[in-house]
Amino acid sequence: MSSSSDVKPCSWQNMALRIVAGTATHPLELAKFLIQIGHEPIAPYPTKTLFGRPTLALPNVFQYLKHVKQVDGMAGCYRGLVLKLTSQAVFSYTQHCAAEVLKTHEILINEPVPSNKKDVAQHEDNNEDSEEEEEYEDGIYDEELPMAERRTRFLRNLGFKLSCKTVAIIASQPFQVATCRAFAQFVGRETKYNGTMGAIVCVYRESGFFGFWAGLTPRLLGEITAITLSSSLVFLVRSYLSQDRTLNNLVSAVMGFLASTVSYPFHVVSSCMTIKGSSLRAAEPPTTPFTHTNWLVCMTRLRADGQWMRGSSLLWRYYTGPQVIIGNRAVALEPFKAVKY
């Protein structure tokens, strides 16, 4: 039976690779989260754009991490690591279990399509377990099938992916909330969300049962938007414009980038809402306005302020506040308020 999904086997090897990768990139994720919630501890400085226009820039992610290290030490760059790895493990395991349940009950599963000998030999020679080959086996890009059948198979495959992803996100959200709040402790130098069980208990005490799923809706919408948009664009391009399999990886990468850009604001809103309702300093003005009563209000406010893409570019970050050009030099109209730790 065909797999109909990009869900990978939940093996110890995959888990070890995820732990290593997650540990290596953890400081970057910490800095990115702090940028997403609007914590800017370093004053903007004058610079110029690529076209030579004077403007104000904010520190890039490496300068931001340097500041975190100066304040918190090297250990501070890894705050919330155990919580994040736990969240990733729950996500991966739940996604795998959901896929197995759907396969067992043959829900949203495409029937295998007989392949010609040339294709079978090519797959055996490549011996790769890739999403591309799985989709060919599902018949999504089988040119011998009518387009109506290929569309049906694509929608079934998409439903399978979204179902597994949705279950995994819902199951892992409590640990995601605890992770984000552990990250946000950097702003106010709190320690209440240290430790895995201690953080979970603290979430319940401060936000109640539903606090475990704070920021869930925008996170779900962001993931669903990204998967649906990228998969649909790839299907349209590969079905109607180009059947050249050598370009498939490039097409998938480009469409994935476009989809992640479109869905990025949902992730910013989700990050902001995960700390809402806590007693952390980061959940109070000026980092988090009191007007962020729900995720829709938060998104509207961020969009109006031009802040709903913050953190999307980690190397080139520009100050979006009011500024004027004086003597070929950008000057902020609002005084920068230094953060006291």
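Remember, it's a predicted structure, so these values are computed and weren't measured experimentally.

Remarks on the sheet that holds strand S1 (residues 45–48)
With antiparallel pairing, the 3 strands of this open sheet are ordered in space as S1-S2-S3. Each edge of the sheet is formed by a strand with only one pairing partner; in this case those strands are S1 and strand S3 (317–318). Both strand S2 (residues 54–58) and S3 contribute to a ladder of 2 bridges, which runs antiparallel. Residue pairing for S3: Ala-57 is matched across the bridge by Tyr-318.

Quick notes on the pattern of salt bridges
Overall, the coordinates contain 8 salt bridges when judged by the stated rule. Its salt-bridge partner being Asp-72, residue Arg-189 comes within 2.3 Å of it at the nearest N-O pair. Taken together, the residues span a long stretch of sequence, with Arg-189 in the loop between helix H6 (147–188) and helix H7 (196–207) and Asp-72 in helix H2 (residues 61–76) at a distance of 117 residues. For Arg-189, a relative accessible area of 29% puts it in the partly exposed group. With a closest N to O distance of 2.9 Å, Arg-153 and Glu-149 form a salt bridge. With Arg-153 and Glu-149 both in helix H6, this residue pair falls 4 residues apart, about one helical turn. Exposure remark for Arg-153: the relative accessible area of 7% places this residue in the buried category. Owing to a relative accessible area of 29%, Glu-149 belongs among the partly exposed residues under this scheme. Shared partners join several salt bridges into a network, and the residues in it are Asp-72, Arg-79 and Arg-189.

A look at the packing of H6 against H7
It is at 9 Å that the axes of H6 and H7 come closest, and there the two elements cross at 90°. Between H6 and H7, the interaxial angle falls into the category roughly perpendicular. Contacts from Pro-174, Phe-175, Val-177, Ala-178 and Arg-181 of H6 reach H7 at Ala-199, Ile-200, Val-203, Glu-206 and Ser-207. Counted by class, the contact of H6 with H7 contains 7 nonpolar, 1 polar and 2 charged residues.

Some remarks on the side chain of Thr-179
In this structure, Thr-179 sits in helix H6. Residues in contact with Thr-179, not counting those within four places in the same chain, are Gly-80, Leu-83, Lys-84 and Ser-87.

Details of the nonpolar core
The biggest cluster of nonpolar side chains holds 30 residues, and the ones touching the most others in it are Phe-33, Leu-34, Ile-37, Val-68, Ala-184 and Tyr-193. Secondary-structure elements contributing two or more residues to this core are helix H1 (12–36), H2, H6 and H7. Discounting chain neighbours no more than four positions away, the residues touching Leu-34 are His-39, Tyr-64, Val-68, Phe-183, Ala-184, Phe-186 and Val-187. In terms of nonpolar packing, the next biggest core, distinct from the first, is built from 11 residues, Tyr-141, Phe-154, Ile-227 and Met-255 among them.

What about the pairing of S1?
Where S1 lies against S2, 4 bridges are found, and the strand directions are antiparallel. Residue pairing for S2: Lys-48 is matched across the bridge by Pro-54. The turn joining S1 and S2, which pair antiparallel and follow one another in sequence, is formed by 5 residues; a positive phi near 85° is taken by Gly-52.

Parameters at a glance
Residues numbered from 1 in each chain as written. Predicted model: local features only at pLDDT ≥ 70, side-chain atom pairs only at ≥ 80, totals over all residues. Heavy atoms only, no water. Pairing = 2+ DSSP bridges. Helix = DSSP H or I, 4+ residues; strand = E, 2+ residues; numbered from the N terminus. Salt bridge = Lys/Arg side-chain N within 4 Å of Asp/Glu carboxyl O. Buried < 20%, exposed > 50% of the residue type's maximum accessible area, 1.4 Å probe, protein only. Axes fitted to C-alpha atoms, helices over the stretch in contact; angles between N-to-C directions. Parallel < 35°, antiparallel > 145°, perpendicular 65-115°, else oblique. Contact = heavy atoms within 4.5 Å. Nonpolar A, V, L, I, M, F, W, Y, C, P; charged D, E, K, R; others polar. Core = buried A, V, L, I, M, F, W, Y, C linked by side-chain atoms within 4.5 Å.

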